[in-house]
Amino acid sequence: MEKREQLYEGKAKKVFKTDDEDILIVSYKDDATAFNGEKKGTISGKGVINNQMSNLIFKVFEKNGVPTHLVEELSPTDTAVKKVSIVPLEVIIRNVAAGSFSKRLGVPEGKEFKEPTIEFSYKNDELGDPLINAYFAVALELATWEEIETIKKYAFKVNEIAKKIYLDCGLKLIDFKIEFGRYHDQIILADEMSPDTCRLWDVKTNEKMDKDRFRRDLGGVEEAYEEVFSRIKKELGE
Ligand code: TMP
Ligand code: ASP
């Protein structure tokens, strides 16, 4: 399968057409941004890590009944995926308070919840991805109630599966963001799941092992991504 015309370049990925109308190629970059693109940098090796990590974990989701866009890994940075129309919602699941939840609600980072939470942000860079609820999503015609129910079901399932995998790697899954797409009227998991889109804390040391090291200038960014990837590869690699 070969790349044809570039369709889109985002903050962390490029997307190309292929000869098959139903299939695109996603190419992961080392570029990193935070705070809606205000902070820019490079995390060397990130493209390779995020591509391969996402694919390893998406395969487990598939096996456990969560359909995904994954078709085939083509190279260390490139993957063939089903062409979806993205549901413009950032779906965030939290197991432990951190980040914007802690800031908005005055809850210390690290407070564990009895049950995971779910929230939606409207994917809109101009508005800064505002937090919305399901009624807003339906009113804005971003998704139907039926789609929202499916998204919720898959998102919590992803959380259960991913939490266990990461725990087996000595990492606590604090929170994460996922996105869904429509593929021939079916809702499937799209985008990625990587240290860019999750908070992962080392079980023993509580050290942050994710993009917060970049967002908060904590140093050791590349090393953290490499450590997470090596643990995941040991756990899930073929
Ligand atoms: P938050 O605490 O900043 O709302 O982030 C919640 C989770 O979502 C965290 O794991 C990081 C991830 N995230 C993204 O993947 N992309 C984004 O643009 C933002 C704001 C958060
Ligand atoms: N990727 C997002 C951005 O650049 C934010 C983030 O991950 O913190 O804006």
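Above this text is the structure in question.
Conventions adopted
By convention here, each chain's residues receive numbers from 1 onward along its written sequence. Numbering of ligands from 1 and lettering of chains from A proceed in the order in which they are written. Predicted model: local features are reported for residues with pLDDT of at least 70 only, side-chain atom pairs are reported and counted for 80 or more only, and whole-chain, interface and lining totals are derived from all residues. Only heavy atoms go into the side-chain values, all of them from the structure, while hydrogens and water stay out. Each helix corresponds to a stretch of at least 4 residues labelled H or I by DSSP, and each strand to a stretch of at least 2 residues labelled E; elements are numbered beginning at the N terminus. Any two residues having at least one pair of non-hydrogen atoms within 4.5 Å are treated as being in contact. Fitted lines through C-alpha atoms serve as axes, helices being fitted only where they are in contact, and the angles separating the N-to-C directions of these axes extend from 0 to 180 degrees. Convention used here: angles under 35 degrees read as roughly parallel, angles over 145 as roughly antiparallel, angles from 65 to 115 as roughly perpendicular, and any remaining angle as oblique. Throughout, a crossing is termed right-handed when the near helix is turned clockwise from the far one, and left-handed when it is turned anticlockwise from it by less than a right angle. Residue polarity follows a fixed list, in which Ala, Val, Leu, Ile, Met, Phe, Trp, Tyr, Cys and Pro are nonpolar, Asp, Glu, Lys and Arg are charged, and the others, Gly among them, are polar. Residues are labelled near a given molecule or strand when at least one of their non-hydrogen atoms is within 4 Å of it. Here a polar contact is recorded for every N or O atom pair within 3.5 Å, except that within protein the pair must consist of a potential hydrogen donor and a potential acceptor, and residues adjacent in sequence are included only if both atoms are side-chain atoms. For the accessible areas, the method is Shrake-Rupley and the probe is 1.4 Å, while residue cover comes only from the protein chains on display. Any two strands are treated as partners once DSSP identifies two or more bridges connecting them. When two rings of Phe, Tyr or Trp (its six-membered ring) have centres within 6.5 Å they constitute a pair, described as stacked for plane angles under 30 degrees, edge-to-face for angles over 60, and tilted for the intermediate range. Partly exposed describes any residue whose relative accessible area lies between the buried limit of under 20% and the exposed limit of over 50%, with all areas from a 1.4 Å probe on protein chains only and scaled to the type maximum. Ring-over charges, as used throughout, are those where CZ of Arg or NZ of Lys falls within 6 Å of the ring centre and within 35 degrees of the ring normal.

### Focus: the environment of Ile151
In this fold, Ile151 is placed in helix α4 (residues 145-168). Measuring from C-alpha to C-alpha, the distance between Ile151 and Phe180 comes to 7.3 Å, with 29 residues separating the pair along the chain. Not counting residues up to four positions away in its chain, the partners in contact with Ile151 are Val87, Val91, Phe120, Phe180 and Ile187.

### Let's talk about the packing of helix α1 (residues 46-63) against helix α6 (residues 221-236)
Contact geometry of α1 with α6 gives a least axis separation of 10 Å together with a crossing angle of 30°. One finds that α1 runs roughly parallel with respect to α6. For the pair α1 and α6, the sense of crossing is left-handed. Between α1, through Lys46, Ile49, Asn50, Gln52, Met53, Leu56, Ile57 and Val60, and α6, the contact on the second element is made entirely by Tyr225, Glu226, Val228, Phe229, Ile232, Lys233 and Leu236. For the contact of α1 with α6, the per-class residue count stands at ten nonpolar, two polar and three charged.

### Focus: the site of ligand 1
Around ligand 1 lies a shell of 14 residues, among which Arg94, Ser100, Asp175, Lys177 and Arg199 are the nearest. At 2.9 Å from an oxygen atom of ligand 1 is found a side-chain nitrogen or oxygen belonging to Arg94. Contact between ligand 1 and Arg199: an oxygen atom at 2.9 Å from a side-chain N or O atom of the residue. Protein burial of ligand 1: of its 450 Å² of free accessible surface, 76% is covered by the chains. Within the residue set of the shell around ligand 1, elements represented by two or more residues are β9 (89-96), α2 (99-105), β12 (171-183) and β14 (198-202).

### Re the site of ligand 2
What surrounds ligand 2 is the set Lys11, Thr33, Ala34, Phe35, Asn36, Gly37, Lys211 and Arg215. Within the contact set of ligand 2, an oxygen atom lies 3.4 Å away from a backbone nitrogen or oxygen of Ala34. Measuring from an oxygen atom of ligand 2, one finds a backbone N or O atom of Gly37 at 3.0 Å. Here ligand 2 loses 73% of its free accessible area of 270 Å² to cover by the protein chains. The residue inventory of the shell around ligand 2, partitioned by class, reads two nonpolar, three polar and three charged.

### Quick notes on the pairing of strand β4 (residues 31-34)
Walk down a regular strand and you will see the side chains alternate between the two sheet faces. Sheet analysis places β4 next to strand β5 (residues 39-42), joined by four bridges and oriented antiparallel. In the strand pairing of β5, Thr33 is matched with Lys40.

### Notes on the packing of aromatic side chains
Tallied over the full model, the rule gives four aromatic pairs. Plain terms: the ring middles of Tyr154 and Phe180 are 6.5 Å apart, the flat faces sit at 25° to each other, and that makes the pair stacked. Separated by 26 residues along the polypeptide, Tyr154 in helix α4 and Phe180 in strand β12 bring together distant segments of the chain. One exposure class covers both Tyr154 and Phe180, and it is buried. Over the face of the ring belonging to Phe16 we find Lys3, whose NZ or CZ atom lies 4.8 Å from the ring centre. Directly above the ring of Phe214 sits Lys39, whose terminal nitrogen or CZ lies 5.3 Å from the centroid.

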